[in-house]
Structures are given as C-alpha cells and as structure tokens.
Amino acid sequence: MKKRDIKILLVDDEPDILEIVGYNLSSQGYQIVTAENGIEAVKKAKKEKPQLIILDVMMPEMDGIEACELIRKDPDLSDTIITFLTARGEDYSQMAGFDAGADDYITKPIKPKVLVSKVKALLRRLKDEEHVEDVIKIGNLTINREEYKITIKGDELVLPRKEFELLYLLATKPNKVFKREEILDKVWGNEVVVGGRTIDVHIRKLREKIGDKKFKTIKGVGYKFVD
C-alpha cells in the first residue's frame, strides 16, 4: 500500500497538536483527517475507515478510551491500527488503553522524526499481515487470524488486537522461547518505542484469559507458549 493511499485519523482537543502532528505526517504523503473529541472521532472513523488512528485520551464530550471501545465494536474497523497519544504516562492509563483495544501508546511531547518513524513502524504491520497462516489449532485452542477470533473448548473469546498478535506469535511455534527483542520487533515493530513493561502487561492479561500454565517466563530472556 502506497503512502498516498493510507489514511490517518488524528484525534486531539488541542488545535496545536493537530496542526503539528498533521503537518509532519502529511508532509510524508499520508492522507490526514482530524477530529477534536471522541464523538467526532467515532463518526469520522466509520465514515473515512482510516488505516491508523492516533487518539488522545483526555478529551471533552467523550474520552479516548470510550471512543476506542466504540470503534473496536465496528467490524469494518477491525483491522484499523489504534495508538493513543497522551501526556499521561501512568501504568493505569496505558492498561486502560490496551484493554479498550488499542495497539500502542505514544507519550507526548514527542519529536517529529520519532513520531514519523513510529507511524511507519505501525503501518508496516499492514504489509506483514498479508503473509500469515490463517488458523492455528493447539489442543482445545483455535486461533483464527483472518477473523481475529479465539476459540477455547468451543467458546469464543475476543481479545484486544495486541493481545491477539502476541498470542498468535507465541502460538506459531509452541515451546519455542521468543526473546523480548523479537517479540517487540514482530508485534510492536522494531522502530516502536514502548515501555519496558508492555510485554509483561500483555502476558499477564493473556494468562488471565487463556490460562496461566500456557505461558512460561524465561527470566532475563523472554516467553514461550506451552502446548
């Protein structure tokens, strides 16, 4: 997909942020659409169907968390990448964003060149997803990549996008130890700057939903999925 075909929705209640971020991304050739609050963001997301949404958390009328949850309920936007852009860096805020279905988290202020690199890394996933195995079956667990659906003992389980991506990666090679660097590269992109606890938070969520014994921590190395 060429840059001119990629649409990015920027959502922030601060006009200066919209202008600065919008300028830096549009100068790279991307199509830029803007919204100033969560309600407007949901409407424009459904209308424009962007490949990427950069979403502020703290906004009037409807915050970014609620907007993200509503966007994720739209089947037409299931493949849209959502990353939060916010000055809040607390673990709670990050986990709330991931639980709502966000793929990543950007803390502002951020240097324009770093932002552009991060956006490129996020969008690179659009290409990576074209060459993958559609369905993985391990015991009573079925992972359907095409439908982004998990089935355990016949019961369907819906996971936020990043949890799904992490589970899918580990499940592609059961019992293989995936190093933290490899996980960050394949799930978050090697140019993406994320907090040191990002992987740990997602593994904890997967253990709660899939089963603690299915994920083994290799201290100082990484994680593996146990079949």
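Provided above is the structure to which this section pertains.
Small disclaimer: the values here were computed from a predicted structure and weren't measured. (Residues numbered from 1 in each chain as written. Predicted model: local features only at pLDDT ≥ 70, side-chain atom pairs only at ≥ 80, totals over all residues. Heavy atoms only, no water.)

Draft legend 1. Region of interest: the pattern of salt bridges. The tally for this structure, following the rule as stated, stands at 15 salt bridges. The partner of lysine 162 in a salt bridge is aspartate 103, with the nearest N and O atoms 3.8 Å apart. One end of the pair, lysine 162, is in helix 6 (residues 161-172); the other, aspartate 103, is in the loop between helix 4 (91-100) and strand 5 (104-107), and 59 residues separate them in sequence. Like lysine 162, the residue aspartate 103 is buried in the burial classification. Connected via shared salt-bridge partners are Arg72, Asp103, Arg161 and Lys162. (Salt bridge = Lys/Arg side-chain N within 4 Å of Asp/Glu carboxyl O. Helix = DSSP H or I, 4+ residues; strand = E, 2+ residues; numbered from the N terminus. Buried < 20%, exposed > 50% of the residue type's maximum accessible area, 1.4 Å probe, protein only.)

Draft legend 2. Highlighting the nonpolar core. The biggest cluster of nonpolar side chains holds 26 residues, and the ones touching the most others in it are Ile143, Ile150, Leu167, Leu170, Ile183 and Phe215. Going through the elements one at a time, strand 6 (135-138), strand 7 (141-144), strand 8 (149-152), helix 6, helix 7 (180-188), helix 8 (198-210) and strand 12 (222-225) are the ones with two or more residues in this core. Per-element tally for this core: the top contributor is helix 6, with 7 residues. With sequence-adjacent residues up to four places away left out, leucine 170 is seen in contact with Phe178, Ile183, Ile203, Phe215, Tyr223 and Phe225. Core analysis: the second largest hydrophobic core is formed by 24 residues, Leu9, Val42, Ala102 and Tyr105 among them. (Core = buried A, V, L, I, M, F, W, Y, C linked by side-chain atoms within 4.5 Å. Contact = heavy atoms within 4.5 Å.)

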